[in-house]
Amino acid sequence: MTLAGRVRLATIGGLALLAAEARAQSIEDARTAFEEGRFLEAADLAEALETSGGYALAAQSLAVYGHHLAVEDERTEFFERAMELGEAAVQADSANPEAHYQSAHAVGRYAQSVGTLTALRQGLAGKVRGLLYATLAADPEFAEAYVGLGGWHADIASAGRVARWMYGGNRDNAVTHYERALELAPDSRIALLEYARRLPELDREGGQDRAKELLSRAAEIPVRSAHEEFIHQEVLEVLAELEGDE
């Protein structure tokens, strides 16, 4: 090979290395923006990567922003865009469990924003369930997916006879999935919170006491990001409500 050819290959290799380093830096920038609460910036940075992981992080960022920070009239718009990005994440890499999970997260937030009846008419409950199962097919120990399935069964069970007939959600399965989530991630703040929210309904005898126990554990977990701070505040609010019911 000529000297010119070797120089050209070295240049191409160097550019490829720089591009790879830039991509790695960009995803870290996106994650840092997310952790610091700059959710819209995180979404832009992550989406620009055009990777499954980037699209998944962008979907998560918009879903979190829409749920916690967006004004009520704009929430649905953020959730719709999050759903599009979740679908892009799955299409980019169907073996990525985070892609399926963040897609389910976005659809779930959208379903909450449009209301139970509309969500049922649009078949969103079935879509969320399918995405959560796909998450577990890719990673059987994905704890957040079990949290999602626990909430799915609990919500369907409480939505009425028609919803239970259509989808088969029930309280026993909700408990099973939540318990599995805590086996996999006993210190997961979101698992402790979501299970505690529904325990008084899932277990009408001892559920309230267990819920307070779980929330007390969650309240002691260190907060390391802006998103975790939102969840921490929800933990304290739900705990205060339960203690006020005594």
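In short, a report on the structure. Keep in mind the model is a prediction, meaning the values are calculated, not measured.

### Some remarks on helix α12 (residues 207–219)
Next, step 1: With 13 residues, α12 ought to run about 18 Å at 1.5 Å a step, and its terminal C-alpha atoms sit 18 Å apart, in line with that.
Next, step 2: Listed as buried for α12 are G207, A211, K212, L214, L215 and A218. Around the axis of α12, the buried residues are gathered within 165 degrees of arc, so they sit on the same side.
Next, step 3: Buried positions along α12 lie against α10 (171–184), α11 (189–202) and α13 (226–244).

### Some thoughts on the packing of aromatic side chains
Next, step 1: Across all of its chains, the model carries six aromatic pairs by this definition.
Next, step 2: By way of ring pairs, the aromatic residues F34, F39 and F230 are connected into one cluster.
Next, step 3: The side chain of R180 reaches across the aromatic face of Y146, ending 5.9 Å from its centre.

### Concerning the side chain of S61
Next, step 1: Here S61 lies in helix α3 (residues 52–68).
Next, step 2: Judged by its relative accessible area of 0%, S61 is buried.
Next, step 3: A polar contact of 2.8 Å, which involves the side chain of S61, links it to the backbone oxygen of L57.
Next, step 4: Sequence-distant contacts of S61, defined by excluding residues within four places in its chain, comprise F34, F39, A42 and A43.

### Section: the nonpolar core
Next, step 1: Among the nonpolar cores identified, the biggest contains 73 residues, and L132, Y195, L214 and L215 are the most heavily contacted of them.
Next, step 2: Leave out the neighbours within four places in its chain, and L132 touches Y101, A104, A145, G148 and L149.

### Describing the pattern of salt bridges
A side chain with one charge may pair with a side chain of the opposite charge, provided their charged atoms come close.
Next, step 1: Counted by the stated rule, this structure contains 16 salt bridges.
Next, step 2: A salt bridge links E47 to R81; its shortest N-O distance comes to 2.4 Å. Placement of E47 in helix α2 (residues 39–47) and of R81 in helix α4 (residues 75–92) is noted, with a sequence separation of 34 residues between them.
Next, step 3: Its relative accessible area of 25% is what places E47 among the partly exposed residues.
Next, step 4: Residue class for R81 comes out partly exposed when judged on its relative accessible area of 31%.
Next, step 5: Residues joined in a network through salt bridges with shared partners are D155, E194, R197, R198 and E234.

### Thoughts on helix α7 (residues 124–138)
Next, step 1: For α7, with 15 residues, the first-to-last C-alpha span of 21 Å sits near the 21 Å given by 1.5 Å per residue.
Next, step 2: Within the sequence span of α7, burial applies to L124, A125, V128, L131, L132, T135 and L136. Each buried residue of α7 lies within a common arc of 140 degrees when the element is viewed along its axis, so the set occupies one face.
Next, step 3: Each element contacted by the buried residues of α7 is listed here: α5 (97–114), α6 (116–121), α8 (143–158) and α9 (161–167).

### Some thoughts on a nonpolar patch on the surface
Next, step 1: Nonpolar side chains collect at one region of the surface, where V162, W165 and M166 lie side by side and expose about 390 Å² of accessible area between them.
Next, step 2: In this structure, M166 sits in helix α9.

### Thoughts on the environment of A218
Next, step 1: With respect to the secondary-structure elements, A218 resides in helix α12.
Next, step 2: A C-alpha to C-alpha distance of 6.1 Å links A218 and L192, two positions 26 residues apart in sequence.
Next, step 3: Here A218 is in contact with R189, L192 and V235, once residues within four sequence places are set aside.

### Description of the packing of α4 against α5
Next, step 1: Running from N to C, α4 and α5 cross one another at 155 degrees; their axes reach a closest spacing of 8 Å. With respect to α5, the element α4 is oriented roughly antiparallel. Here the hand of the crossing between α4 and α5 comes out left-handed. Contact residues: T76, F79, E80, A82, M83, G86, E87, A89 and V90 in α4; A99, H100, S103, A106, V107, R109, Y110 and S113 in α5.
Next, step 2: Residues belonging to the contact of α4 with α5 are distributed by class as follows: nine nonpolar, five polar and three charged.

### Here's the deal with a negative patch on the surface
Next, step 1: A surface patch of like charges, here negative, comprises E72, D73, E74, E77 and E80.
Next, step 2: E72 sits in the exposed class, given a relative accessible area of 64%.

### Topic: the side chain of H100
Next, step 1: When you line up the elements, H100 lands in helix α5.
Next, step 2: Residue classification places H100 among the buried residues on the basis of a relative accessible area of 8%.
Next, step 3: The contacts of H100, once residues within four sequence positions are left out, are V90, S94, L131, A134 and T135.

Definitions and limits used
- Residues numbered from 1 in each chain as written.
- Predicted model: local features only at pLDDT ≥ 70, side-chain atom pairs only at ≥ 80, totals over all residues.
- Heavy atoms only, no water.
- Helix = DSSP H or I, 4+ residues; strand = E, 2+ residues; numbered from the N terminus.
- Expected span 1.5 Å × (residues − 1).
- Buried < 20%, exposed > 50% of the residue type's maximum accessible area, 1.4 Å probe, protein only.
- Arc of directions from axis to C-beta.
- Contact = heavy atoms within 4.5 Å.
- Phe/Tyr/Trp six-rings, centres within 6.5 Å; stacked < 30°, edge-to-face > 60°.
- Lys NZ or Arg CZ within 6 Å of the ring centre and 35° of its normal.
- Polar contact = N/O pair within 3.5 Å; in protein donor to acceptor, adjacent residues only side chain to side chain.
- Core = buried A, V, L, I, M, F, W, Y, C linked by side-chain atoms within 4.5 Å.
- Salt bridge = Lys/Arg side-chain N within 4 Å of Asp/Glu carboxyl O.
- Patch = residues over 30% accessible without salt bridge, like charges linked within 9 Å, V, L, I, M, F, W, Y side chains within 5 Å.
- Areas by Shrake-Rupley, 256 points an atom, 1.4 Å probe, with all protein chains shown as cover.
- Axes fitted to C-alpha atoms, helices over the stretch in contact; angles between N-to-C directions.
- Parallel < 35°, antiparallel > 145°, perpendicular 65-115°, else oblique.
- Left-handed = near helix turned anticlockwise from the far one by under 90°.
- Nonpolar A, V, L, I, M, F, W, Y, C, P; charged D, E, K, R; others polar.
- Lys, Arg positive; Asp, Glu negative; His and termini not counted.
- Charge placed at Lys NZ, Arg CZ, Asp CG, Glu CD.

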